[in-house]
Amino acid sequence: MLISTEEVTVRYAETDQMGVVYHANYLVWCEIGRTSLIKELGFHYADMEKSGVLAPVTNVNVDYKHPARYGENIVIHTWIEKYNGFRVTYGYEIVNEAGRVCSKATSEHVCVDAETFRPVSIKKQFPDWHEAYEMNKKPEETVANQTQT
């Protein structure tokens, strides 16, 4: 299982008056992590979009554990939580420089035709992506064990 790691310094514009990161910025950081993971796998979203396919978010879940603050360095860990040939769920963990988990999140995506928004099979349309996702996703027994607990 591949886990991508990306470091970001919390900018002033990402915080509220208390110097705490505004909740929506965690979603931006997830996108940074997701893009980094895809790049590490050897692909680019832009190439997918050029071929007429988009990957919109269909579900997102963020658990806020500890506030990230202005000036801190945070690390975004990103992996493929689940993948079935059509739908991808990415997992994220955002950790501050002290090692405290600030948030845990998932985002679910489905590939669609850019004009019709009808689902597209990643397995058929992008066999290289499919193979890379299958080889690098979280092992299914790990996902099953987490669901049971």
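Residues numbered from 1 in each chain as written. Predicted model: local features only at pLDDT ≥ 70, side-chain atom pairs only at ≥ 80, totals over all residues. Heavy atoms only, no water.

Draft legend 1. Local environment of helix α1 (residues 25-40). When the terminal C-alpha atoms of α1 are compared, their 23 Å separation across 16 residues agrees well with the 22 Å that a helix rising 1.5 Å per residue should span. Two residues or fewer past α1, Gly42 is found with a positive phi of approximately 100 degrees. (Helix = DSSP H or I, 4+ residues; strand = E, 2+ residues; numbered from the N terminus. Expected span 1.5 Å × (residues − 1).)

Draft legend 2. Quick look at a nonpolar patch on the surface. On the surface, a nonpolar cluster with roughly 220 Å² of combined accessible area is contributed by Leu27, Val57 and Val60. Secondary-structure assignment places Val60 in strand β3 (residues 57-64). (Patch = residues over 30% accessible without salt bridge, like charges linked within 9 Å, V, L, I, M, F, W, Y side chains within 5 Å. Areas by Shrake-Rupley, 256 points an atom, 1.4 Å probe, with all protein chains shown as cover. Salt bridge = Lys/Arg side-chain N within 4 Å of Asp/Glu carboxyl O.)

Draft legend 3. Fine view of the pairing of strand β5 (residues 87-96). Burial runs high along β5: 8 of the 10 residues are buried. Pairing of strand β4 (residues 73-83) with β5, which is carried by 9 bridges, proceeds in the antiparallel orientation. Bridge pairing in β5 links Tyr83 to Val88. Both β5 and strand β6 (residues 101-110) contribute to a ladder of 9 bridges, which runs antiparallel. Bridging across to β6, Tyr90 finds its partner in Ser107. (Buried < 20%, exposed > 50% of the residue type's maximum accessible area, 1.4 Å probe, protein only. Pairing = 2+ DSSP bridges.)

Draft legend 4. Quick peek at the side chain of His130. Relative to the elements of secondary structure, His130 occurs in helix α4 (residues 127-136). Judged by relative accessible area, His130 falls into the buried class, the value being 15%. A polar contact is formed between the side chain of His130 and the side chain of Tyr83, at a distance of 2.7 Å. Among residues more than four places away in sequence, those in contact with His130 are Tyr83, Gly85, Ile122 and Lys123. (Polar contact = N/O pair within 3.5 Å; in protein donor to acceptor, adjacent residues only side chain to side chain. Contact = heavy atoms within 4.5 Å.)

Draft legend 5. A look at unusual backbone geometry. Here Phe117, not a glycine, exhibits a phi torsion of approximately 60 degrees, which is positive. For Phe117, the position within the fold is in the loop between β7 (112-113) and α3 (122-125). Under the relative-accessibility criterion, Phe117 is labelled partly exposed at 49%.

Draft legend 6. Local environment of the environment of Asn25. One can find Asn25 in helix α1. For Asn25, a relative accessible area of 17% corresponds to the buried category. On a C-alpha basis, the gap between Asn25 and Arg100 in space is 18 Å, while along the polypeptide they are 75 residues apart.

Draft legend 7. Looking closely at the nonpolar core. In terms of nonpolar packing, the biggest core is built from 22 residues, with Ile80, Tyr90, Trp129 and Tyr133 touching the most fellow members. Excluding residues that lie within four positions of it along the chain, Ile80 makes contacts with Leu37, Leu41, Val88, Thr89, Tyr90, Tyr133, Asn136, Lys137 and Lys138. (Core = buried A, V, L, I, M, F, W, Y, C linked by side-chain atoms within 4.5 Å.)

Draft legend 8. Here's a closer look at the sheet that holds β3. If you trace the 5 strands from one edge of the open sheet to the other, you get β1-β4-β5-β6-β3, paired in antiparallel fashion. Across the chains shown, the open sheet's two edge strands, defined by having one partner strand only, are β1 (4-9) and β3. The sheet shows a mean angle of 20 degrees between the axes of neighbouring strands, taken without regard to direction. Relative to the sheet, α4 contacts β4 and β5, its axis offset from that of β4 by approximately 105 degrees. (Axes fitted to C-alpha atoms, helices over the stretch in contact; angles between N-to-C directions.)

Draft legend 9. Seen up close, α4. Here α4 has its buried residues at Trp129, His130, Ala132, Tyr133 and Asn136. Here the buried face of α4 lies against α1, α2 (45-50), β4, β5 and α3.

Draft legend 10. The arrangement of the pattern of salt bridges in detail. Counted under the stated rule, the structure contains 5 salt bridges. The residue Arg11 makes a salt bridge to Glu14 at a minimum N-O spacing of 2.5 Å. The exposure class assigned to Glu14 is buried, which follows from its relative accessible area of 4%. Residue Glu81 is joined to Lys138 by a salt bridge in which the shortest nitrogen-to-oxygen separation is 3.3 Å. Of this pair, Glu81 sits in strand β4 while Lys138 sits in the loop between α4 and α5 (140-148); the two residues are 57 residues apart in sequence, bridging distant segments of the chain. There is no split in this pair, since Glu81 and Lys138 are both buried.

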